[in-house]
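# Observations on the model geometry
Chain by chain, the residues:
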Amino acid sequence: MIAELDSRGYALWPSRLDDGELAELAALFGDWSDGRPGRRIDPARAAGLSAVDRLCAAMGPVVGEGVRPVRAILFDKQDGANWALGWHQDRTIEVVERREVAGFGPWTVKQGRVHVAPPVSLLERMVTVRLHLDPVDADNAPLLVAPGSHRLGLIAEDAIEGVVGQLGEAVCLAGAGEVWLYRTLILHASARAGPGRRRRVLQIDLSADGLPGGLRWGTEGQGRLL
């Protein structure tokens, strides 16, 4: 797994969620509002899941000592809340509050939570994880990745299509309880889920880094604009 993350930029976790861990994951979607495609949650809430605690213990050699969730997003693709996502990189992190620090910016607020683009070196050390509650076959919006694109730093928007054409696409199919990991900077995309399908995923970003200049990760507070 470690070798695949380094070379390809993505890997399937050798373990998977057991029944108890799946139940904890399902509970996060219990109060889901109809028509809502995604919801950002407190990273500390994700850190409290048994599966995430077990995963972080396994990811120490990859991300570093003290690895923990620093951002968490729930996705629920289904009829009435369905969408496709074009090729892109994840370039922002969630923090508690805005502070002017060299190398950090621009700033955005997403669902009331403060985000900032950090130096690319920080993003290069991070890993993003997707925990699947539902089976994801080719018709249920699997994650698509461009192998090796995590090694290219920040890719200009007008260059993305060419990079994907050069590197190709890999399809990350998953069974219920399976977990995909990828380097946060990898180019990725997904299609709409098929009619009558449902695809629930918890996506978390992992980091072992501290932040400079008084910045704090979202897991250290509510991550809301002050």
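Structure report, in brief. Treat the numbers as computed from the prediction; the structure is a model and nothing was measured.

### Some details on the side chain of H188
Relative to the helices and strands, H188 is located in strand β12 (residues 188-190). Taking relative accessible area as the criterion, H188 reaches 4% and is therefore assigned buried. Side chain to side chain, H188 and D90 meet in a polar contact 3.4 Å long. Polar side-chain contacts of H188 include one of 3.0 Å to the backbone oxygen of I186. If we ignore the near neighbours within four places in the chain, the residues touching H188 are G86, W87, H88, Q89, D90, L143, L144, V145 and Y182.

### So, the environment of E94
Within the element layout of this structure, E94 appears in strand β5 (residues 93-95). Spatially, the C-alpha atoms of E94 and P43 are 9.2 Å apart, while their sequence positions differ by 51 residues. A distance of 2.8 Å separates the side chain of E94 from the side chain of R113, its partner in a polar contact.

### Thoughts on the nonpolar core
Among the nonpolar cores identified, the biggest contains 31 residues, and M59, V129, L131, L202 and I204 are the most heavily contacted of them. Contributing elements (two or more residues each) for this core: α2 (19-27), α4 (50-63), β3 (68-78), β8 (127-132), β11 (179-183) and β13 (198-207). Sorting elements by how many residues they give to this core places α4 first, with seven residues. Contacts of I204, omitting those with residues within four sequence positions, involve A46, V52, R71, A72, V127, T128, V129 and L131. Judged by nonpolar contacts, the second largest core, of 15 residues, contains V116, M126, L211 and L215.

### A few points about the packing of aromatic side chains
Evaluated as defined, the whole model comprises two aromatic pairs. Summarising the aromatic geometry, the rings of Y10 and W180 are spaced 6.0 Å apart at their centres and angled 40° between planes, so their arrangement reads as tilted. Here Y10 is found in strand β1 (residues 10-12), whereas its partner W180 is found in strand β11, with 170 residues between them in sequence. Taking the relative accessible area as the measure of exposure, W180 reaches 9% and is therefore buried. Each ring, one from F75 and one from W83, has its centre 6.2 Å from the other, and the planes form 50°; the classification is tilted. Under the relative-accessibility criterion, F75 is labelled buried at 17%. With relative accessibility at 19%, the residue W83 sits in the buried group. Geometry around Y10 places R8 over its ring, the cationic atom sitting 4.1 Å from the centre.

Rules behind the numbers
Residues numbered from 1 in each chain as written. Predicted model: local features only at pLDDT ≥ 70, side-chain atom pairs only at ≥ 80, totals over all residues. Heavy atoms only, no water. Helix = DSSP H or I, 4+ residues; strand = E, 2+ residues; numbered from the N terminus. Buried < 20%, exposed > 50% of the residue type's maximum accessible area, 1.4 Å probe, protein only. Polar contact = N/O pair within 3.5 Å; in protein donor to acceptor, adjacent residues only side chain to side chain. Contact = heavy atoms within 4.5 Å. Core = buried A, V, L, I, M, F, W, Y, C linked by side-chain atoms within 4.5 Å. Phe/Tyr/Trp six-rings, centres within 6.5 Å; stacked < 30°, edge-to-face > 60°. Lys NZ or Arg CZ within 6 Å of the ring centre and 35° of its normal.

Read these as spatial facts, not as claims about activity.
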